[in-house]
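The chain contents come next:
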Amino acid sequence: MDADKTFGENAYYVDETVEPATIARLLNFGVQQMGLGIIFLDVNRKCVYANRHAFSLLHAEFSLESVYKAFKDWMNSLGIEQSSAAWTRLFESQERERLYRVRYRYLLDSNNKPIGYMYTIQNLSDIVENGTGEQYRLTHDELTTLYNREGFKEAAQNRLRETDKRYILLYSNIKDFKLFNQLFGLEKGNDILINIADLMIQHVKEDDIYGRINGDHFAICMPKERFVEKDFKKLVREVTSKVTSKSYSLHMQIGIYEITDPTMDITLMCDRAYMACKSIKKDGVCEIAWYSDEMMVNALLEKEILSSFDFAIINRQFGIYLQPQVYSDGRIFGAEALARWMHPDNGLIQPGVFIDVLERADLIYKLDRYIWELAALQLAKWKDTERDRIQISVNVSPKDLYYLDIKKEFTELINRYQIDPALLNIEITETAVTSDVTKCAKLILELQKAGFKVEIDDFGSGYSSLNMLKDINADVLKIDMGFLRKTENQNRARVILNYTIDMAHELGMSVVTEGVETLEQLEFLQDMGCRMFQGYYFDKPMPVEEFEKKYESPE
Ligand code: C2E
Ligand code: MG
Ligand code: MG
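Treat the numbers as computed from the prediction; the structure is a model and nothing was measured.

Here the focus is the pairing of strand E16 (residues 454-459). Counting buried positions along E16 gives five out of six residues, so the element sits mostly inside the fold. Bridge count between strand E15 (residues 424-429) and E16: four bridges; the pairing is parallel. The residue of E16 that forms the bridge with isoleucine 426 is valine 454. When E16 meets strand E17 (residues 476-480), the two strands line up parallel, connected through three bridges. Bridge pairing in E17 places isoleucine 456 opposite leucine 477.

Written out as structure tokens, the structure reads:
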């Protein structure tokens, strides 16, 4: 008993001169007054205590066996596991339906050894049924009993009106929660949400307003002074570890908006915190990002891109820049067609700005199809001129593989513009290939049969580059020098580069190194046996007219 006195939040103090039996009677008196049904089990899951509320809530006869049996029968009929941490369900008795909220806790001693289990049963029926019932239903989430969006909005607005303190709004997202639901079922998904809500109830402080906004998104509005990022992360890790199993670990992403104008609409604050949440790219158990105005600028830009994209395609605002691909002596053999947006108001927009946005919105296939057509048109124009042996490479986004019949698209272009397929090269990124090797291997083979050359773009940027090569028989490997720039260990990177070039040659593939910026780079690449290059050292991507002027007679 002594040791438990120091056991954190469960600490208690008794006068040790009083007999344990008296203490037990006093404690029982307290427990009876709490208005909760309480059931204790020992470590062998034998019921050793139940208060009178538990008996009456469960309509049980006066024995511990009968009350525990009634409780277990109820759980079984609902298909709830005995170890579910918290749940709220209807209990159907003879007279009427009742809504009970149940919590389950392991009880541990000061050495973290289990000493038993406790169930608490709270009767919510009255709140739901009496005069405030309708209001309760409108402002509370049925599953977790927390505030819902409406309730949170109202309560947070009221709190902000009353206080002078600086508040922040936290908005959480469980990464890939949809996938979890698909894999393990809705019931298990709900269990996790209820668990989180329950753990939240245990940890929030009086000043905090919290709720479940929708789906797997929870929000807390709390004073900024109390928020310590390190402690909060630790707490979230503890919470997530409680709902983590062998087959699933929870990744929490939390976006924070610092409230500068307390009269601002709470929904807007939630949107901003969520924007911060969505900016998280890392994959830790708990990642936190604070909202910044830059995020808003990006989100607006993204919206603008998406809303003006269709118009831009129809009005031919997209065009290609060509970046020469050359041999070491500067002789040209090809060019890569790179998309550019000639925006009437904003000028020239680089692909770095719009490609990702279009990919995320599943619209990239529209742009790519258009760019491929521009490249085919260019090859048709060069036919029977001094540039008729210059090849053009075009990019295929990973998403195109799902939205388009790639082989059909390219053969149609060849037929429509009457061009040689050996001049229209198809770049597929390594990451796209590794996402579905079997499908890509088949596609690459079909394209090669139709006369096209297939290039693996950005080779070495993924994690399974070598593994992929045993199944994929491409014509060209494009290695981006960027990977040399990104590493501290130049020597090791160079050794890898050297072997990759040798290996590609041995597998019958050509190698184009792109991103070549200096003479020094060119020289060591030549030493490694590389013969084809693309990079600023030779030329930057340029408008078609400029390219044509520069390479009037290629040889
Ligand atoms: P990518 O296909 O790997 O294209 C090469 C990128 O590297 C180009 O950037 C090019 O300008 C840049 N680059 C070339 N030489 C150098 C150099 O020496 N140093 C450095 N630092 N960079 C160099 P760009 O044009 O901004 O395109 C970026 C990416 O956008 C492309 O990477 C490609 O993934 C994507 N992209 C461009 N056009 C299209 C398109 O029509 N469709 C699709 N799906 N993606 C495209
Ligand atoms: Mg490329
Ligand atoms: Mg590349």
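Text resumes after the structure shown.
So, on to the coordination of the magnesium ion (ligand 2). Around the magnesium ion (ligand 2), the protein supplies Glu336 (OE), Asn395 (OD1), Glu427 (OE) and Asp457 (OD) as donor atoms, at distances of 2.0 to 2.2 Å. Donor residues for the magnesium ion (ligand 2) sit on one chain with the sequence pattern E-x58-N-x31-E-x29-D. In this structure, the magnesium ion (ligand 2) lies 3.8 Å away from the magnesium ion (ligand 3), the two metals sharing aspartate 457 as a donor. Pair noted here: glutamate 336 is in strand E12 (residues 332-343) and asparagine 395 is in strand E14 (residues 391-396), with a separation of 59 residues, a long-range link.

A side chain of one charge can pair with a side chain of the opposite charge if their charged atoms are brought near each other. Taken as a whole and assessed by the stated rule, the structure comprises 23 salt bridges. Here arginine 331 and aspartate 329 are joined by a salt bridge, their closest N and O atoms 3.2 Å apart. Sharing partners across several salt bridges, the network here consists of Glu336, Glu427, Lys478 and Glu514.

Another point: the domain arrangement of the protein chain. Splitting the protein chain by domain gives domain 1 (20-138), domain 2 (140-291) and domain 3 (317-550). Placing the centre of domain 2 and that of domain 3 at their C-alpha centroids yields a distance of 43 Å.

Phi angles above zero are rare outside glycine, and histidine 59 is one such case at about 50°. Looking at the secondary structure, you find histidine 59 in the loop between helix H2 (52-57) and helix H3 (64-78). Despite not being glycine, threonine 145 shows a phi value in the positive range, around 65°. Among the secondary structure elements, threonine 145 is positioned in the loop between helix H5 (133-139) and helix H6 (149-162).

Here is what the cut-offs are and how they apply
Residues numbered from 1 in each chain as written. Chains lettered and ligands numbered in written order. Predicted model: local features only at pLDDT ≥ 70, side-chain atom pairs only at ≥ 80, totals over all residues. Heavy atoms only, no water. Buried < 20%, exposed > 50% of the residue type's maximum accessible area, 1.4 Å probe, protein only. Helix = DSSP H or I, 4+ residues; strand = E, 2+ residues; numbered from the N terminus. Pairing = 2+ DSSP bridges. Donors = N, O, S within 2.8 Å, 3.2 Å for Na, K, Ca; no water. Salt bridge = Lys/Arg side-chain N within 4 Å of Asp/Glu carboxyl O. Domains from an automatic or database assignment.

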